[in-house]
Amino acid sequence: MYRANKPKRAQRNIFIGLGYPLLLVAAFCTMVPLLWLLSSSFKTADEVFAVPIRWLPKLPSRISSSPYIITDFYPNIKRPKSLTSEKWKTLQPTLKQTIWDNVQEQFGEKLRLDTPNLSKEIQTEITQGVWQQHVATLPSEVWKETKESIVNKVNRAIIPETIATVWKNIHRQVGLGTIEIEDLEFNRITIDSVKWDANTVTITQVQDSLNAPTFANLSYSFQDKKNIYLSTAISSAVPIERIRRIILPIRGDASYHHLTLDVTVNGTTYKPTEPFVLDNALEEDTVWRLHGIPGELESSHIPMLKTVSKQDLIKSKAPLPNAELSLKLTIHRPAYLAIVWDKLTSNYRNLWKAVPFNRYFINSVFIATASTLLTLFFCSLGGYAFAKYQFRGKTILFGILLASMMIPFQVLLVPLFGLMYDIGWLNSYNAIIIPFSVGAFGVFLMRQFIVTIPSELLDAARIDGCSEFGIYYRIVLPIIKPALGALTIYTFLSSWNGYLWPLIVLRDEAKYTLPIGLANLVGIYRQDYGMLMAGTLLSLLPIIILFLAMQREFVQGITLGGVKE
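Sequence order as written defines the numbering, with residues in each chain counted from 1. The predicted origin of the model limits local features to residues at a pLDDT of at least 70 and limits the giving and counting of side-chain atom pairs to 80 or more, whereas totals for whole chains, interfaces and linings rest on all residues. Heavy atoms throughout the structure, all of them, feed into the side-chain values; hydrogens and water do not.

### Details of the packing of aromatic side chains
Argument step 1. Each Phe, Tyr or Trp ring (for Trp, its six-membered ring) is paired with any other whose centre lies within 6.5 Å, and the angle between the two planes then decides the class: stacked below 30 degrees, edge-to-face above 60, tilted in between. Applying the stated criterion across every chain yields a total of 24 aromatic pairs.
Argument step 2. Note on Tyr360 and Tyr512: the rings are 6.4 Å apart at their centroids and 35° apart in plane angle, and the pair reads as tilted. With a gap of 152 residues between them, Tyr360 in helix H10 (residues 357-388) and Tyr512 in the loop between helix H18 (500-505) and helix H19 (514-519) connect regions that are remote in the sequence.
Argument step 3. For Tyr360, a relative accessible area of 0% translates into the label buried.
Argument step 4. Sitting above the plane of the Phe398 ring, Arg447 keeps its charged end 4.9 Å from the centroid. To qualify as a helix, a DSSP run of H or I must reach at least 4 residues; to qualify as a strand, a run of E must reach at least 2; elements of each kind are numbered from the N terminus. Exposure classes here rest on a 1.4 Å probe applied to the protein chains alone. A residue is buried below 20% of its type maximum, exposed above 50%, and partly exposed in between. Working rule: Lys NZ or Arg CZ, within 6 Å of ring centre, within 35 degrees of ring normal, means a charge sits over the ring.

### Side note on the pattern of salt bridges
Argument step 1. Throughout this description, the term salt bridge denotes a Lys or Arg side-chain nitrogen within 4 Å of a carboxyl oxygen of Asp or Glu. Per the stated rule, a full pass over the model turns up 12 salt bridges.
Argument step 2. The partner of Glu182 in a salt bridge is Arg245, with the nearest N and O atoms 2.7 Å apart. Of this pair, Glu182 sits in strand S5 (residues 179-183) while Arg245 sits in strand S10 (residues 243-251), and the two are 63 residues apart along the sequence.
Argument step 3. Note that Arg251 is salt-bridged to Glu283, the shortest N-O span being 3.6 Å. Residue Arg251 is located in strand S10, and its partner Glu283 is located in strand S14 (residues 283-289); the two are separated by 32 residues in the primary sequence.
Argument step 4. Under the relative-accessibility criterion, Glu283 is labelled partly exposed at 47%.
Argument step 5. Ionic contacts of the salt-bridge type, sharing partners, join the residues Glu180, Glu182, Arg188, Arg244 and Arg245 into one network.

### Considering a nonpolar patch on the surface
Argument step 1. A patch is a set of surface residues, each over 30% in relative accessible area and not in a salt bridge, joined within 9 Å for like charges and within 5 Å for the nonpolar side chains Val, Leu, Ile, Met, Phe, Trp and Tyr. In these tables, accessible area is a Shrake-Rupley quantity obtained with a 1.4 Å probe, and a residue counts as shielded only by the protein chains included in the view. A grouping of Phe377, Phe378, Val438, Phe469 and Tyr473 is seen on the molecular surface, where their side chains present a nonpolar patch of about 490 Å² in accessible area.
Argument step 2. Of all the secondary-structure elements, those providing two or more residues to the nonpolar patch are H10 and helix H16 (468-479).
Argument step 3. By the secondary structure assignment, Phe469 is in helix H16.

### Some thoughts on helix H17 (residues 481-496)
Argument step 1. Multiplying one less than the number of residues by 1.5 Å gives the expected span of a helix. When the terminal C-alpha atoms of H17 are compared, their 22 Å separation across 16 residues agrees well with the 22 Å that a helix rising 1.5 Å per residue should span.
Argument step 2. Within H17, the full set of buried residues consists of Pro482, Ala483, Leu484, Gly485, Ala486, Leu487, Thr488, Ile489, Thr491, Phe492 and Trp496.

### With respect to the environment of Ala216
Argument step 1. Here Ala216 is to be found in strand S8 (residues 215-221).
Argument step 2. Overall, the relative accessible area of 3% leaves Ala216 in the buried class.
Argument step 3. Taking the C-alpha atoms as reference, Ala216 lies 4.9 Å from Leu176; in sequence the two are 40 residues apart.

### Points about the side chain of Thr375
Argument step 1. By secondary structure assignment, the location of Thr375 is in helix H10.
Argument step 2. A relative accessible area of 5% places Thr375 in the buried class.
Argument step 3. At 2.6 Å, the side chain of Thr375 forms a polar contact with the backbone oxygen of Ser371.
Argument step 4. Any two residues having at least one pair of non-hydrogen atoms within 4.5 Å are treated as being in contact. Discounting chain neighbours no more than four positions away, the residues touching Thr375 are Ser380, Phe436, Ser437, Leu487 and Thr491. Under this definition, polar contacts are N or O atom pairs within 3.5 Å; protein pairs additionally need one hydrogen-donor-capable and one acceptor-capable atom, and for neighbouring residues in sequence, both atoms have to be side-chain atoms.

### Some points on the confidence of the model for the protein chain
Argument step 1. Summary of the metric used: pLDDT quantifies the predictor's per-residue confidence within the range 0 to 100. Summing up the model confidence of the protein chain, the mean pLDDT is 83 and the portion of residues at 70 or higher is 87%.
Argument step 2. Throughout residues 315-322 the model reports pLDDT below 50, and contacts reaching past four residues in sequence, or to other chains, amount to 10 contacts.
Argument step 3. Contacts of residues 561-565 to residues separated by more than four positions or lying in other chains number zero contacts, the stretch itself having pLDDT below 50.

### Comments concerning unusual backbone geometry
Argument step 1. Of the consecutive residues Ser66 and Pro67, the connecting peptide bond is found in the cis state with omega at 10°.
Argument step 2. Mapped onto the fold, Pro67 is located in the loop between strand S1 (65-66) and strand S2 (68-69).
Argument step 3. Phi at Asp72 takes a positive value of approximately 60°, unusual for a residue other than glycine.
Argument step 4. On the secondary structure map, Asp72 appears in the loop between S2 and helix H3 (85-114).
Argument step 5. A relative accessible area of 64% means that Asp72 is categorised as exposed.
Argument step 6. Of note in this structure, Ala254 is not a glycine but carries a positive phi near 55°.
Argument step 7. Along the chain, the position of Ala254 falls in the loop between S10 and strand S11 (258-265).

### Here we look at the side chain of Gln128
Argument step 1. Locating Gln128 in the fold gives a position in helix H4 (residues 120-133).
Argument step 2. Non-local contacts of Gln128, meaning those with residues more than four positions away in its chain, are made with Tyr74, Pro75, Asn76 and Ile77.

### Things to note about the pairing of S11
Argument step 1. Where burial is concerned, most of S11 is hidden: six out of the eight residues are buried.
Argument step 2. Pairing between strands requires that DSSP locate at least two bridges from one strand to the other. In this sheet, strand S13 (residues 276-277) lies alongside S11 in antiparallel orientation, the contact comprising two bridges. Across the sheet, the residue bridging to Leu259 is Phe276, located in S13.
Argument step 3. Two elements, S11 and strand S16 (residues 324-332), share seven bridges in a ladder whose sense is antiparallel.

Below you can see the structure in the form of structure tokens.
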């Protein structure tokens, strides 16, 4: 007896020793995409495309002065494979100096303008960036030539556009653009001449090109302070009561410092309810709303509250005229934990600014819920009819129903679009919900479950005087609850992730679903993969909640019939 059980125990031990680790590896592999999605939702665009791959988001640096240079943006210069180590030792210093001399010759004026004291740090980062952009892509045959030939070809490969791109990637500095005032009738007035007054900030007016807008570049240092102030007074033809919003273009420095704008006139001050976070180095319009109600696509506007200070009224011996606005710009350096929080949540905050995420989410919830409820109702009715009723042509109709499952949706796409056009359902929720309220798979699944219900149970209900719909509602539905749970998850998931048909039918952006809205984050002129990851992660929450809520019914639905009683 012991000898007979010994091989079984050995097989069991081998299975435990090999099977469990393999299951753990398989489970980890299935979780890698979700973990990567979670990690990427906290990354900046540079971290998403970092080479080598960066698995975890990088913590932000503690910036105390601006402008500054980002270190380690480009990888170190590596030896080309065609060169030997000995030749590389003698050639590397010459190539670095050649690149730097070329940079100073073509871009030296820009460097001297922004950073009077060129540091070794700038030279290293620019040299590595130019090497990564151009020199590293030279053909391998170039490195087999003489030293003079290699230096000449490297020198000729460097172009001003590459240097400008590298400088833009490593250099960070706050810039203020031209102020615009918009009234309640949406008319805009541009304030051409604005002179910012600051004691601790160096302001330089810069225009990169003839067609580019003028920006006032700021150079500041916090040292022991937490706030830096800039102020100016502008004349406005629009009274303060009729100003809808003030638009101030800003080029950030990715320092995650907080920026606020106070507007004061005759002792009345408008203060923002939240700061603007300098979380990137792009040029964007900061919109400070004084009056009016923002639209659905204006969620990025910062509302301002009106306050009247008695001290301001006392200090103001000669009140400013109603057309004179006093602007106070404050740059605040928050605590480091707040900076880390702003950095990790920047994609989620910017997601609501870039697209009307709330509207997309509500549209998807409504469409998926309506489609699921209609599918459960009609498919369960159809399955009940095919399972428990006898009528002429039942077998043929059920065969046609099963055959329709083999027809791809792409074949029905054009006829279905034409039908929606004829009945006037284009750009409406009806075109997305109604055509898919009955599915062949759902009817087949319900029919297979309802067949297992004893007909005697239904006949007993009829004898007791229960109506046909009462039998369906009070007897059939409770019994097939596991099947309904499985079909609920299947239908909701299919409708929630639907992209092609809603993209073809819908025209109004206010009716877009989440897949369409998130897809708009990545296009020809913009690639917001960080926000796309954040939006995708948020879109998974309803599916996870639904699965957890109906997990028991779903498991019973897929295992029913697999266990022999």
